[in-house]
Amino acid sequence: MAYDKFTTLTTTAVPLPIENVDTDQIIPARFLKATERVGFGDNLFRDWRYNSDNTPKEDFVLNNPKYQGKILVGGKNFGSGSSREHAAWAVYDYGFRCVVSSFFADIFKNNCLNIGVLPVQVSPAFLEVILAAVFKDPTTEIVVDLPAQTIRIPSTGDQESFDINVYKKDNMLNGFDDIDYLRSMEEEITSFASNTPL
C-alpha cells in the first residue's frame, strides 16, 4: 500500500504527555476485526476520547479544538504492549503523519515506518521543550525535516537531530511500503534473473 511521500512536515502539534501508552489504549482490541487500513482513526484512543454513551470527553486533548495538526507528541514509551499493526493504522487514519516521543516500543515504531508515519525519537529534555512550547501556544509550528533528520521549533530556534534506518528513510521519501520498494526494482530484478544461469 503506497502512501504520500514524506519529506518536510511543517505543522502544529497535539500534545499527549502520558507515559507508557500501550497499543490497547491507542486502539482497543474490540476494534481489530477489520482487515483494511481505513476507519481506525475514528476509534483512536477510543476509551479516552468517548464516554460510554459515545459522547466526547471534553477533557481529552483530541476533543480540544485548540490543538490541531499532523504531529502527535507523546510521552516516554509510546506504543508498548501487543504488536498489533492496527495501532499504527489508527494513528495514520486519524491524520497524524509523525509521532514524537523520547522512547518508542520497537514493534510499534516499525509498524509506523511501514505505513508512512514517522516516529521521531528525541531526548527527554527536548521532548519537554516541545511540550512546553505547544502548551504555551497551540499555534506553535514544528518542522520535521526527514532528509536532514532534524526536528525544530522555528519560533524558538530549538532543534534536535533524530535517527532513522536508511532503508526506511528511503521508503518514506518515496512513499513506498516494502512491496512498492521491490516493484521499483522490477527492471533490475528482471535483468538479473535473465542474466543469471540456473
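Residues numbered from 1 in each chain as written. Predicted model: local features only at pLDDT ≥ 70, side-chain atom pairs only at ≥ 80, totals over all residues. Heavy atoms only, no water.

Undergrad: Can you help me understand helix 3 (residues 86–94) in this one?
TA: Of all the residues in helix 3, the buried ones are His 86, Ala 87, Ala 88, Trp 89, Ala 90 and Val 91. As for helix 3, its buried residues are in contact with helix 1 (23–26), strand 4 (98–101) and helix 4 (106–115). One or two positions beyond helix 3, positive phi appears at Gly 95, with a value near 125 degrees. (Buried < 20%, exposed > 50% of the residue type's maximum accessible area, 1.4 Å probe, protein only. Helix = DSSP H or I, 4+ residues; strand = E, 2+ residues; numbered from the N terminus. Contact = heavy atoms within 4.5 Å.)

Undergrad: Help me understand unusual backbone geometry, please; the structure alone is not making it clear to me.
TA: With glycine set apart, most residues show a phi of negative sign, and most peptide bonds adopt trans. The backbone phi angle of Asn 20 is positive, close to 60 degrees, even though this residue is not glycine. Position of Asn 20 among the secondary structure elements: in the loop between strand 2 (13–16) and helix 1. One non-glycine residue, Asn 54, adopts positive backbone phi at about 70 degrees. Counting through the fold element by element, Asn 54 comes out in the loop between helix 2 (46–49) and strand 3 (71–74).

Undergrad: Just to check I follow, could you spell out the packing of aromatic side chains for this structure?
TA: Here the distance between the centres and the angle between the planes together describe a pair of aromatic rings. Applying the stated criterion across every chain yields a total of 9 aromatic pairs. Each ring, one from Tyr 67 and one from Phe 135, has its centre 6.1 Å from the other, and the planes form 85 degrees; the classification is edge-to-face. With a gap of 68 residues between them, Tyr 67 in the loop between helix 2 and strand 3 and Phe 135 in helix 5 (residues 124–136) connect regions that are remote in the sequence. A residue is classified by how much of its surface remains accessible, and Tyr 67, at 8% relative accessible area, is buried. Three or more aromatic residues joined by ring pairs make a cluster, and in this case those are Phe 45, Trp 48 and Phe 60. Directly above the aromatic system of Tyr 50 lies the positively charged group of Arg 46, at a separation of 4.3 Å from the ring centroid. (Phe/Tyr/Trp six-rings, centres within 6.5 Å; stacked < 30°, edge-to-face > 60°. Lys NZ or Arg CZ within 6 Å of the ring centre and 35° of its normal.)

Undergrad: Can you help me understand the pairing of strand 4 in this one?
TA: When a strand is regular, its side chains alternate between the sheet's two faces. Burial along strand 4 is two-sided: Cys 98 and Val 100 facing one way and Val 99 and Ser 101 facing the other are all buried. Of the pairings in the sheet, the one linking strand 3 to strand 4 comprises 3 bridges and is parallel in character. Paired with Leu 72 across the two strands is Val 99, which belongs to strand 4. After leaving strand 3, the chain enters helix 3 and then returns to the sheet as strand 4, a path that is right-handed. Bridging between strand 4 and strand 5 (residues 118–121) involves 4 bridges; their strand directions are parallel. By the bridge assignment for strand 5, Val 100 is matched with Val 120. Handedness of the crossover joining strand 4 and strand 5 through helix 4: right-handed. (Pairing = 2+ DSSP bridges. Right-handed = clockwise from strand over helix to strand, strands pointing away.)

Undergrad: Would you take a moment to explain the sheet that holds strand 5 for this structure?
TA: The strands that make up a sheet are held in pairs by hydrogen bonds between backbone atoms, and each pair lies either parallel or antiparallel. Strand order in the open sheet formed by 4 strands is 2-3-4-5, with parallel pairing between adjacent strands. Only two strands of the sheet have a single neighbouring strand rather than two, namely strand 2 and strand 5. Each strand of the sheet is rotated relative to its neighbour by a mean of 20 degrees, with strand direction disregarded. (Axes fitted to C-alpha atoms, helices over the stretch in contact; angles between N-to-C directions.)

So far we have only geometry, and geometry alone does not tell us how the molecule works.
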